[in-house]
Amino acid sequence: MTGATSSRSFVKSNNLYGWLFISIAVILLAVFLLYPIVYSLYLSTTSSKGIVQNFVGLKNYIRLVKDPMFLLALKNTFTLFIIQVPIMLLLALILASLLNDKTIKFRGIFRTGIFLPAVTSLVAYTILFKMMFALDGFINTALMNLHIIKEPIPWLLDPVWAKITIMIALTWRWTGYNMVFYLSALQNIPDEIYEASEIDGASKVQQFFHITIPILKPLIVFTSIMSTIGTLQLFDEPMNLAQAGVTSATTGPGNSLLTLSVYIYNLCFKYMPDFGYAATVSYVIVFIVAILTVIQFKVAGDKS
Amino acid sequence: MKKVLSLLLAVLMILSLAACGGSTEKSKTVADEPKTDVSKGQEDTKETLAEKSGKITIWAWDPNFNIAIMNYAKELYTKDNPNVEIEVVDIAKGDLEQKLHTNLASGVIDGLPEITLIEDYNAQKYLQSYPGSFTDLTGKINHNDFAEYKVSLMTLDGKVYGVPFDSGVAGFFYRSDYLEQAGYKHEDLVNITWDDFIEIGKNVKQKTGKAMLAFDLNDGGLMRIMMQSAGKWYFDDNGNINIANNDVIKEAVKTYKAIADSGIIKQTSGWDEWVAAFNAGDSASVITGVWIIGSIKAEESQSGKWKVAPIPRLNISGSVNASNLGGSSWYVIEKTKGKDLAIDFLNTIYGGNNEFYQKILVDQGAVGTYKPAQSGASYASEDAFFGGQKVYTDFSEWMKSIPAINYGLYTYEADSAIFTVMPEVYSGSISIDEALKKAEEQLKNQIN
């Protein structure tokens, strides 16, 4: 009897200490994470001109559907996401399985080389790309000297080419990053599986599609979710490629590089500052990310 | 082992917390010091001039222009008032606006400077978005001494909130060597229309192989120059959108397309490429605000090869050969510690020092909007860089004929709407009328 009560009080005091210790984390989370989330939800129901704020209820969400600039930003973001992410992930997969081959010499150098872009600063690499892809920049000069093209390509001056340029830049920057995930997973696949399939007469391509990809599936889902979120939050690259911060009329030719995040920036700092409406747009990004993530899990067929 | 580790962690956390506390205390005491100084300074203002003391912080952009000028103003003021400390902070324009917005929106003025530079296109936006945040300078500065069009941009409900600074009077800067080679004299370039300009450009391109204009087809600068030359804007005087049925914008868009089609331009993207193009001698002319002089002169090897003519006018009645692009003004932020000192500083230098305006004109090419300064000696001086042309006399003359307009609140939104449809205009996939209708719809939905 006495033993039971003492153990209960021990549990109690243990609980108390437990709460005490996590309280710091909980308070910090509440102040710096929970409060901003709730406050921005409230903010998204107001319309503001700077500090002149009006409660408008759900009107911002209705306005969103009719706002052609928002729809354009959404379209641009999705174009980038639908074309660039699959190309990049496929490229990363191929590179990873190539570099996992033990017979390749200097694997370390290749791996490092392909991963290195991932450690460069976003702003620095974008500005370099902007210089390289100028009308009389390195890329055009090189292509013309090699007689591949006759006229310089308007990389950053034409709406379609501008999108292609940013996709090239993004692929350069992030392929190595994704490759490293695949590479680490590949190293955990026992060689016996490949040997066995080889004896059964499977070609390298068959091995890739029937062994490598199924085993890597969880990681492919993970990287595609990460890339989705990254693309939906794309900001540094379009901002710097288009030098859109200061006085330029549009983000890229014909606003072709206007992404959702850049639009949020414009709503806060370039246009009449409407923090309420900007909060609405950011909430929409959250919803879209959530929906896309659910879809990706469903497509991947991960029932657990 | 685990216990030891967790103990270590706990100790580390406590230590780091203590360190944090310590540093905040320190910074507090530092922040407190100037406070007492300033309150002293405010009392002194009323008594004698020599004993002014305190600190003013100033935010501005462009080290070759605004910053250099402000540093000179600081030098002049602190010579007479040695106890005043002035800190001029150089922040890129985009970053400055971002900082200003976040600080003003938070309602905390600790992070704000006493004086900040604001671009004219944005002035009304700040004044209306943050009521009570800027100091009403009516009666504290003699605004009659400044160009009227400039003062009207910073007036809200009859109160004037800023100190007018530079003019963005536009000029047609051209390479006299290239144009002479193509057979043109200065007289041939005065009082021309944009159509004439394109014809001249074709000849220049043919005879010298150089592009007539370094130009970013996605930049709205020239559009604003064209619109203001005819006294029109994206909005009418009541602030209503006026795009689809605006003859001036239609003509301006037509001119943009004609320039794009004529093959006389070197296409650039962004500010850096644009400046690099004319500094490298790749283009025969630049049409923009007078503030570009600093960037043109930065390439010293081209001294004597440049000249300035009035800008071309639109082929439409009411358009004149004078316009404006950009320009900015100084604003004092309400409730900051050194507010009164800041007003005194602006009044002494920007609102009354003629010498100052002569010097910044020569050194930075800054055409002030302070009227008494325009009869000064420097304005009549010949500039060797421009082949001995009295450029500033010309600019002051053109400044007088700039049509005054109300930019309203949404210039950048409108810019964005127009230039979203411009690529389709260039490719010819939609007509100009359709494009303008589309832009107006877009803008309407965006700013309702």
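Just so it is clear, the model here is predicted, and its values are computed rather than measured. (Residues numbered from 1 in each chain as written. Chains lettered and ligands numbered in written order. Predicted model: local features only at pLDDT ≥ 70, side-chain atom pairs only at ≥ 80, totals over all residues.)

Draft legend 1. Fine view of the overall build of chain B. Within chain B, the secondary structure is distributed over 16 helices and twelve strands. Of all 448 residues assigned to chain B, the portion counted as buried reaches 50%. Taking all contacts inside chain B whose residues are at least 6 apart in sequence as the whole, residues at least 24 apart take part in 75%. (Helix = DSSP H or I, 4+ residues; strand = E, 2+ residues; numbered from the N terminus. Buried ≥ 20, exposed ≤ 12 C-beta atoms within 10 Å, placed from the backbone. Contact = placed C-beta atoms within 7 Å.)

Draft legend 2. Representation of the overall build of chain A. Within chain A, the secondary structure is distributed over twelve helices and two strands. Secondary structure elements of chain A, listed N to C terminal, follow the sequence α-β-β-α-α-α-α-α-α-α-α-α-α-α. The C-alpha atoms of chain A give 25 Å as radius of gyration, which overshoots the globular expectation for 304 residues (19 Å, by more than 25%). If one aligns the C-alpha atoms of chain A with their principal axes, the spans along those axes are about 90 × 65 × 30 Å. Residues counted as buried form 32% of the 304 residues belonging to chain A. Sequence separation of at least 24 residues holds for 70% of the intrachain contacts in chain A that already meet a minimum separation of 6. (Rg over C-alpha atoms; globule rule 2.2 N^0.38 Å.)

Draft legend 3. Representation of the sheet that holds strand β8 (residues 211-215) of chain B within the structure. Residues and elements named next belong to chain B. The strand order across the open sheet built from five strands is β9-β8-β10-β7-β11, with neighbouring strands paired in mixed fashion. Two strands in the sheet have a free side with no partner beyond their single neighbour: β9 (265-267) and β11 (306-309). Taking the axes of each pair of neighbouring strands and ignoring which way they run, one obtains an average angle of 30° across the sheet. Inspection of the sheet shows strand β7 (residues 170-175) paired to strand β10 (residues 283-289) by five bridges, in the antiparallel sense. (Pairing = 2+ DSSP bridges. Axes fitted to C-alpha atoms, helices over the stretch in contact; angles between N-to-C directions.)

Draft legend 4. View of the domain arrangement of chain A. Examined at the domain level, chain A breaks down into domain 1 (2-43) and domain 2 (62-300). Here the C-alpha centre of domain 2 of chain A lies 40 Å away from the C-alpha centre of domain 1 of chain A. (Domains from an automatic or database assignment.)

Draft legend 5. Region of the structure containing the interface of chain B and chain A. On the side of chain A, 30 residues touch chain B, which itself brings 35 residues to the contact. Of all the secondary structure elements, the ones that give two or more residues to the side of chain B that touches chain A are α3 (93-106), α4 (120-129), α10 (271-279), α15 (411-427) and α16 (432-447) of chain B. For the side of chain B that touches chain A, the element with the highest residue contribution is α15(B), accounting for eight residues. Residue composition of the side of chain B that touches chain A, grouped by class: twelve nonpolar, 16 polar and seven charged. (Nonpolar A, V, L, I, M, F, W, Y, C, P; charged D, E, K, R; others polar.)

Draft legend 6. The arrangement of the packing of helix α9 (residues 204-232) of chain A against helix α12 (residues 275-300) of chain A in detail. All names here are of chain A. With their axes 10 Å apart at the nearest point, α9 and α12 run at an angle of 160° to one another. When the interaxial angle is binned, α9 and α12 end up roughly antiparallel. Considering how the two elements wind past one another, α9 and α12 form a crossing that is right-handed. Packed against α9, whose contacting residues are K217, V221, S224, I225, T228, I229 and L232, the element α12 presents I285, I288, V289, L292, T293, Q296, F297 and A300 at the interface. Grouping the amino acids of the contact of α9 with α12 by side-chain chemistry returns ten nonpolar, four polar and one charged. (Parallel < 35°, antiparallel > 145°, perpendicular 65-115°, else oblique. Left-handed = near helix turned anticlockwise from the far one by under 90°.)

Draft legend 7. Seen up close, the sheet that holds strand β12 (residues 328-332) of chain B. Residue and element names in this part refer to chain B. Within the open sheet, the five strands sit side by side as β2-β1-β3-β12-β6. Their pairing is mixed. Here the strands that pair on one side only, and so sit at the sheet edges, are β2 (84-90) and β6 (162-164). Neighbour-to-neighbour, the strand axes of this sheet turn through a mean angle of 25°, independent of strand direction. Pairing of strand β3 (residues 115-119) with β12, which is carried by five bridges, proceeds in the antiparallel orientation. Of the residues in β12, the one forming a bridge with E119 is S328.

Draft legend 8. Spotlight on unusual backbone geometry. Phi is positive for A:N255, which is not a glycine, with a value near 55°. As for its placement among the helices and strands, A:N255 is situated in the loop between α10 (236-241) and α11 (260-270).

Draft legend 9. Quick peek at the domain arrangement of chain B. Residues and elements named next belong to chain B. Domain assignment breaks chain B into domain 1 (44-167 + 327-375) and domain 2 (170-324 + 385-408). On a C-alpha basis, the centroid separation for the pair domain 1 and domain 2 is 29 Å. The partner domain 2 presents 14 residues to the 18 residues of domain 1 that form the contact. Elements that contribute at least two residues to the side of domain 1 that touches domain 2 include exactly α2 (63-80), α4, α5 (148-153) and α13 (354-364). Looking at the side of domain 1 that touches domain 2 element by element, the count peaks at four residues for α5. Partitioned by chemical class, the residues of the side of domain 1 that touches domain 2 number seven nonpolar, eight polar and three charged.

Draft legend 10. Spotlight on the nonpolar core. Counting 182 residues, the largest nonpolar core has A:Y263, B:A252 and B:L346 as its most contacted members. Among the elements that line this core, the one with the most residues is helix α3 (residues 68-99) of chain A, at ten residues. (Core = buried A, V, L, I, M, F, W, Y, C linked by C-beta atoms within 7 Å.)

Draft legend 11. Up close: the pairing of β3(B). Residue and element names in this part refer to chain B. A large share of β3 lies buried, amounting to five of its five residues. Sheet topology note: the strand β1 (residues 54-60)/β3 ladder contains two bridges and is parallel. In the sheet register, I58 faces β3, and the bridge partner there is I115.

Draft legend 12. Here's a closer look at helix α9 (residues 247-262) of chain B. All names here are of chain B. For α9, with 16 residues, the first-to-last C-alpha span of 22 Å sits near the 22 Å given by 1.5 Å per residue. All of the buried residues in α9 are V248, I249, E251, A252, V253, T255, Y256 and I259. Close packing links the buried residues of α9 with α7 (194-208), β8, α8 (221-229), β9, α15 and α16. (Expected span 1.5 Å × (residues − 1).)

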